[in-house]
Amino acid sequence: MSIGPEDIKKIAHLARLQVSAEEAEKLGGDIANILNLVDQLQAANTEGVEPMANPLDAVQVLRSDTVTEQNQREAYQAIAPATEDGLYLVPKVIE
Amino acid sequence: MFEFTIKELAQGLADKSFSSQEITQAYLDRIEALNPRYNAYITVNAEQAIEAAKQADNRIAKGDASMWTGIPFAHKDIFCTQGLLTTCGSKMLHNFVPPYDATVVANFKREGAVCLGKTNLDEFAMGSSNEHSFYGRVINPWSKDEELVPGGSSGGSAAAIAARLAPAATGTDTGGSIRQPAAFCNLTGLKPTYGRVSRYGMIAYASSLDQGGPMTRNAEDAALMLQVMAGHDPKDSTSMRQDVPDYSADLNKSLEGLTLGLPKEYFNDQLSQEMANTLTAAVKVFEQLGAKVKEVSLPNADLSIPAYYVIAPAEASANLSRFDGVRYGYRCEEPADLMDLYERSRSEGFGTEVKRRILIGTYALSAGYYDAYYRKAQQVRRLVKNDFVAAFEEVDAILAPTTPSPAFGFGAKGDDPVQMYLEDIFTISANLAGIPGMSIPAGKVNGLPVGLQLLGNYFDEARLLNLAHQFQTATDWHLASPDNQ
């Protein structure tokens, strides 16, 4: 399995990460090694095996549709990097 | 005093041999003196601990105390603590003071236990050596000439207990992060059944594998600690509605009539002769205690690591997408635009190992690769589970090594992440299957402690604790400390 610096940059962007050219080189090698390890899976016979998402095959439980949480906006926004009038601030999105 | 177990501390508080303020202050003084050497704590909670100890002493005086009231202990810095810095070992959360408590944290608070501080860990619990913490590496208190790793990711909790900077601590285990550091630091560590302990407020790494559990000096204490941690939580939809038994009730039960399994696949090239000898000696102890031991087979054991390194990074890449520099945590300086804000905050906030796993996960989930990697890994995960289900039809519990070797030196695994991943070869399958696993001190190799792993059927923690306690009544490995070998 070969993963080039361009592939790394593409995946990094999907993951909203920036990697320098130097990092992309090193990460490409690391990830190729990890994918080699992971490729051992291909030898397993999994025909007809149901994929397993939860160890106990538990299904999502639903709660009743009632209000339980209280508004704690001030507490939550107190730890935000930038807020104004109860809103989170980000760089300008719309020109 | 620092040699007292939780049970002995509780006894001392009950019969007024000492107050919670006295033992809490003694631990805080010892942490101040010794933590610079081990770096086991990221945050010491001195003021709040003393205040909590005062309140605990009041409760004890009024006769309004539970067994845990006034007992000092530590939390792994992955559990959210209201008003107390919670970093998860990352620069990303260097300034994160949670506005709420994890359920596990709230449970201990309700009992009146005293949190001494937050222990160091590999960043976002990704690692087996504690070399990946933004807050620096943790030193294994068992180190002699060469400095050794404490294991990971719960290495700070393990080092804190081994150095007697806490009598017990919480840990979390996604692929071995409680059991491997417990083995390296001569402790008792238990990863419960998936869904036994609430994950609410426990910062997520891989949500279908993560499970919190106790790290203690012996099995009796682990039972006492699990009692507080276990139970259904409406705030965690994956926590199971299963009755919580009295985990201390069966500790003294005879092992007569029990059958234990030894997986033949675990005696491979990964396991040195010395490690195998430790296991053989442990088998003899269990036989003397009345248990029968027979061989079992886990034919898909070797596929556990490959399956884990698809599933865990895939879940991590989704979980860690929440760190965006907008709502809390690290934000880059002067972002040019929204994309720059996301990308630079994340690139500057996450360390190398975290980025590697996010990239692997993103790749495995991306269009065209989903079936080949993620779906395939989930299918193999079921094969791994089925192996255990079949084995537990024949035996009551499984004996295994915890690690391939005792604690290693810093940098010993080199530059290739895969070498570090192989460290978890004996622990990872329990997370994939969701079964409980435990590591207990079982001897020394090259003068360093090594662990014995006990694997049990779903929700069979009480049986593991019974086996561990009986082993600890017949052996004294668990009594050794770095100062008293």
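Here the structure is shown first, and the text comes after it.
Owing to the predicted nature of the structure, the values given are computational and were not obtained by experimental measurement.

Engineer: Hey, could you run me through the overall build of chain A in this one?
Structural biologist: The secondary structure content of chain A amounts to 3 helices and 2 strands. Along chain A, from the amino end to the carboxyl end, the secondary structure elements read α-α-α-β-β. Taking 95 residues into account, the globule formula puts the C-alpha radius of gyration at 12 Å, and chain A, at 22 Å, lies well above it. Relative to its 95 residues, chain A shows a buried fraction of 18%.

Engineer: What exactly am I supposed to notice about the nonpolar core here?
Structural biologist: All names here are of chain B. In this structure, Leu 116, Ala 159, Ala 160, Ile 161, Ala 166, Val 310 and Leu 454 are the most contacted members of the largest nonpolar core, which totals 165 residues. Considering every element that reaches this core, the biggest residue donor is helix α9 (residues 304-319), with 9 residues. Excluding residues that lie within four positions of it along the chain, Leu 454 makes contacts with Ala 397, Leu 399, Gly 437, Met 438, Ile 440, Leu 464, Leu 467 and Ala 468.

Engineer: What am I meant to see in the packing of helix α1 (residues 5-14) of chain A against helix α2 (residues 21-38) of chain A here?
Structural biologist: Residues and elements named next belong to chain A. Between α1 and α2, the shortest axis-to-axis distance is 8 Å and the interhelical angle comes to 100°. One element, α1, and the other, α2, form an angle in the roughly perpendicular class. Judged by residue contacts, Pro 5, Ile 8 and Lys 9 of α1 engage Ala 21, Ala 24, Glu 25, Leu 27 and Gly 28 from α2. Its residues assigned to classes, the contact of α1 with α2 shows 5 nonpolar, 1 polar and 2 charged.

Engineer: Before we go on, may I ask you to explain helix α12 (residues 370-394) of chain B in this structure?
Structural biologist: The terminal C-alpha atoms of α12 of chain B lie 36 Å apart, and with 25 residues this matches the ideal 36 Å at 1.5 Å per residue to within 8%. The largest bend in α12 of chain B is about 25°, located at Lys 376 of chain B.

Engineer: How should helix α5 (residues 155-162) of chain B be read in this particular structure?
Structural biologist: Note that an α-helix has 3.6 residues per turn; residues three or four places apart therefore point the same way. Residue and element names in this part refer to chain B. Among the 8 residues that make up α5, 8 are buried, leaving the element largely enclosed by the rest of the structure. The complete set of buried residues in α5 reads Gly 155, Gly 156, Ser 157, Ala 158, Ala 159, Ala 160, Ile 161 and Ala 162. Arg 164 sits one or two positions beyond α5 and adopts a positive phi of about 60°.

Engineer: Would you explain the environment of Gly 443 of chain B in this entry?
Structural biologist: Residues and elements named next belong to chain B. Inspection of the secondary structure assignment puts Gly 443 in strand β10 (residues 437-445). The class for Gly 443 is buried, based on 20 C-beta atoms found within 10 Å. The sequence separation of Gly 443 and Ala 282 amounts to 161 residues, and the corresponding C-alpha distance is 8.7 Å. Excluding residues within four positions of it along the chain, Gly 443 makes contact with Thr 278, Ala 281, Val 450 and Trp 477.

Engineer: Even after reading the chapter, I still don't get the interface of chain A and chain B, so can you show me in this structure?
Structural biologist: Taken residue by residue, the interface counts 39 residues in chain A and 56 residues in chain B. The element that contributes the greatest number of residues to the side of chain A that touches chain B is α2 of chain A, accounting for 7 residues. A breakdown of the residues in the side of chain A that touches chain B according to their chemical character gives 29 nonpolar, 7 polar and 3 charged.

Engineer: Can you help me understand the packing of α1 of chain A against helix α11 (residues 352-365) of chain B in this one?
Structural biologist: To characterise two packed helices, one gives the angle between the axes of the helices and the distance between these axes. Following both chains from N to C, one finds α1 of chain A and α11 of chain B inclined at 90°, their axes separated by 9 Å at the closest point. Between α1 of chain A and α11 of chain B, the angle is such that the two are roughly perpendicular. For the pair formed by α1 of chain A and α11 of chain B, the contact residues are Ile 11, Ala 12 and Leu 14 of chain A on the first element and Leu 359, Thr 362 and Tyr 363 of chain B on the second. A breakdown of the residues in the contact of α1 of chain A with α11 of chain B according to their chemical character gives 5 nonpolar, 1 polar and no charged.

Reading the values: the criteria
Residues numbered from 1 in each chain as written. Chains lettered and ligands numbered in written order. Predicted model: local features only at pLDDT ≥ 70, side-chain atom pairs only at ≥ 80, totals over all residues. Helix = DSSP H or I, 4+ residues; strand = E, 2+ residues; numbered from the N terminus. Rg over C-alpha atoms; globule rule 2.2 N^0.38 Å. Buried ≥ 20, exposed ≤ 12 C-beta atoms within 10 Å, placed from the backbone. Core = buried A, V, L, I, M, F, W, Y, C linked by C-beta atoms within 7 Å. Contact = placed C-beta atoms within 7 Å. Axes fitted to C-alpha atoms, helices over the stretch in contact; angles between N-to-C directions. Parallel < 35°, antiparallel > 145°, perpendicular 65-115°, else oblique. Nonpolar A, V, L, I, M, F, W, Y, C, P; charged D, E, K, R; others polar. Expected span 1.5 Å × (residues − 1). Bend = angle between axes of the 7 residues up to and from the residue.

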